Amino acid sequence: MKRLLAVLPLLLMFLVPATAHAAATHHTGTLADGATWIADVPADWHGTLILYSHGFGTLTAADAPNEATRQALLARGYALVGSSYDPNGSLWALESAARDQFAALAAVEKVVGPARTTIALGVSMGGLVSTQEAEHARGGLDAVVSTCGLLGGGIDLNNYQLDGEYALARLLAPEQDIPLTDYASPAEGAAAASRLLAVAAAARETTAGRARVALGTALLNMPTWSASQAAPPRDAEGIARAQYEWFTAALPFIMPARYFIELSAGGNASWNAGVDYAAVFARSPYRDVVRSLYRAAGLDLRADLADLTRNAAVRADRAAVADLGRSSTVSGHLDVPMLTMHTVYDQLAPVEFENRYADQGRGPLLRQSYVARRGHCAFTPSEFLAAIQAAEHRAVTGRWDAVATTRGLQEAALRLDLGDVPAFTDFHPGTLASHRHL
């Protein structure tokens, strides 16, 4: 009977359409380290609280991924809370984020009372934060939704980027000595990105250059369908063009952002000295595309990979590796159920991160879902809500049932009738080729 009483409000919430509700009460506060938190609690709160972890780029408190999703959650009786993370730290806020999130949760519950069910939700860097929360739930969480998460952690993130950038710099402009690590400022990273983009653009004028650019963008795990293409390409030239177009848009963000990860870690935590690039390439999901372009150009791919291996010389600061390993990685050992959600075409958190996490965390607590859309964290409100409802179902009933399947999530998103177009799809990501064992 107790289980039935717990499940009944959840079932009613799924079956009854949302109606107009009283305005939510807004709460704010400050934590011990100076982080701020905000919360919104609707008058008809049904007892489920969403602990929201925002992504990289700001140290401003947020309690939802966007306004449309915030309103949709409040309209369905969810309360929301989230923190800024430590404002005195790096934008790569993994040193403080989980601690500040749990402190924000405790702070809002002091004001409004304990939640019946607590679901953590995170996007991008916040997806990594929420995954850390799932692995160290401290008794404060019932389930987690990690979306577009950097699930390889900070070390894998910097290493896959280093591999792609190094391949481009080494094969296209070995005489230029373009800096790839140890930036003194974000501006220094931006300047390096501008130089690398110019080199790649010039190289694309020849068949040999296009082949070598394709190798670099493949190692960068760039998406294979760009905004300029009406449909996902199937041919090698089309896929390489898509990856190049995503590369030109992503690199001005990726390289300056490295500064903040290095600032957090106290040095460079990525390396390629001793890396066998033939072995890395052999694991890449995009190897057939690159091989095709190299054949068309009459280039020796094995010679280029051997050149990359022979000249790889970036060494990590051991203390920085230890720091980032402690603060910014995950193990796959979950304390509570977790559902991940990822777009198939993600230029900043490669979908291959999902493969990496599944290798660590296969088990009954983990479910993974995919959305057939282009862009980083490009989810609709109905997709966010369907994922949250699936995690809530698991928390309340103790079973995933069919709610976390592709069909179950798609049908739930459609039932919400939010006026958007949900696109859950079956998908199996390839290997994160650049993962290194510590």
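Coordinates for the structure precede this section.
Residues numbered from 1 in each chain as written. Predicted model: local features only at pLDDT ≥ 70, side-chain atom pairs only at ≥ 80, totals over all residues. Heavy atoms only, no water.

Visitor: Looking at this structure, how should I read the packing of helix H5 (residues 153–172) against helix H6 (residues 186–203)?
Guide: Working note: a packed helix pair is described by the angle between its axes plus the distance between those axes. Taken N-terminus to C-terminus, the directions of H5 and H6 make an angle of 60°; their axes are 10 Å apart at the nearest point. Put simply, H5 runs oblique to H6. Here H5 runs over H6; the crossing is left-handed. Touching Glu165, Leu168, Ala169 and Leu172 of H5 are Leu196, Val199, Ala200 and Ala203, all from H6. Grouping the amino acids of the contact of H5 with H6 by side-chain chemistry returns seven nonpolar, no polar and one charged. (Axes fitted to C-alpha atoms, helices over the stretch in contact; angles between N-to-C directions. Helix = DSSP H or I, 4+ residues; strand = E, 2+ residues; numbered from the N terminus. Parallel < 35°, antiparallel > 145°, perpendicular 65-115°, else oblique. Left-handed = near helix turned anticlockwise from the far one by under 90°. Contact = heavy atoms within 4.5 Å. Nonpolar A, V, L, I, M, F, W, Y, C, P; charged D, E, K, R; others polar.)

Visitor: Is there a simple way to think about the sheet that holds strand E3 (residues 48–53) in this case?
Guide: Strands pair in a sheet through their backbones, by hydrogen bonds, and they do so in one of two ways: parallel or antiparallel. Within the open sheet, the nine strands sit side by side as E1-E2-E4-E3-E5-E6-E7-E8-E9. Their pairing is mixed. In this open sheet, the two edge strands, each paired with only one partner strand, are strand E1 (25–30) and strand E9 (424–425). Of the strand pairs in this sheet, strand E7 (residues 338–345) and strand E8 (residues 366–374) are connected by seven bridges, and their pairing is parallel. Paired with His342 across the bridge in E8 is Tyr370. Of the strands in this sheet, E3, strand E5 (117–123), strand E6 (143–147), E7, E8 and E9 touch helix H14 (residues 381–397), which is tilted by about 145° from E5. (Pairing = 2+ DSSP bridges.)

Visitor: Teacher, can you tell me more about the state of the cysteines here?
Guide: Here is the idea: a disulfide is a covalent bond, and it sits between the sulfur atoms of two cysteines. This structure, assessed with the given rule, holds one disulfide. Here Cys148 engages in a disulfide with Cys377; their sulfurs sit 2.1 Å apart. Residues Cys148 and Cys377 share a disulfide whose torsion about the S-S bond is about 100°; that sign makes it right-handed. Here the residue Cys148 occupies a position in the loop between E6 and H5, and Cys377 occupies one in the loop between E8 and H14, the gap between them amounting to 229 residues. (Disulfide = S-S within 2.5 Å.)

Visitor: Please clarify how the nonpolar core should be interpreted in this entry.
Guide: Among soluble globular proteins, nonpolar side chains are generally buried collectively. Ranked by size, the top nonpolar core spans 104 residues in total, and within it Trp92, Leu215, Phe247 and Tyr277 carry the most contacts. Per element, the largest residue contribution to this core is 14 residues, and it comes from helix H8 (residues 236–265). Setting aside anything within four residues of it in sequence, one finds Leu215 in contact with Leu171, Phe281, Val290, Tyr294, Leu301, Leu305 and Leu308. Formed by 34 residues, the second largest nonpolar core is a distinct cluster that contains Ala387, Trp400, Ala423 and Phe424. (Core = buried A, V, L, I, M, F, W, Y, C linked by side-chain atoms within 4.5 Å. Buried < 20%, exposed > 50% of the residue type's maximum accessible area, 1.4 Å probe, protein only.)

Visitor: I tried to follow H8 on my own but got confused; where do I start?
Guide: Helical geometry: 3.6 residues make up each α-helical turn, so side chains three or four residues apart lie on a common side. Its maximal kink placed at Ala250, H8 deviates by approximately 50°, while the proline Pro252 follows within four residues. For H8, the tally of buried residues reaches 22 of 30 residues, placing the bulk of the element in the interior. Phi turns positive, to about 85°, at Gly266, one or two residues after H8. (Bend = angle between axes of the 7 residues up to and from the residue.)

Visitor: For this particular structure, what's the right way to read the packing of aromatic side chains?
Guide: Two descriptors summarise a pair of aromatic rings, namely the distance from one centre to the other and the angle between the planes of the rings. In this structure the tally under the stated criterion is nine aromatic pairs. Seen in terms of ring centroids, Tyr160 and Phe353 are 5.9 Å apart; in terms of plane orientation they differ by 75°. Their pairing is edge-to-face. Of this pair, Tyr160 sits in helix H5 while Phe353 sits in helix H13 (residues 352–361), and the two are 193 residues apart along the sequence. The pair formed by Tyr160 and Phe353 is uniform in burial state, with each residue classed as buried. Judged by centre distance (5.5 Å) and plane angle (75°), the ring pair of Phe379 and Phe384 falls under edge-to-face. In this structure, Phe379 and Phe384 share a single accessibility class: buried. An aromatic cluster is built from Phe56, Phe253, Tyr259 and Phe260, whose rings are joined through pairwise contacts. A cation over a ring is seen here: Arg204 above Tyr244, with NZ or CZ 4.8 Å from the ring centre. Stacked on the ring of Trp225, the Lys or Arg Arg374 has its end atom at 3.8 Å from the ring centre. (Phe/Tyr/Trp six-rings, centres within 6.5 Å; stacked < 30°, edge-to-face > 60°. Lys NZ or Arg CZ within 6 Å of the ring centre and 35° of its normal.)

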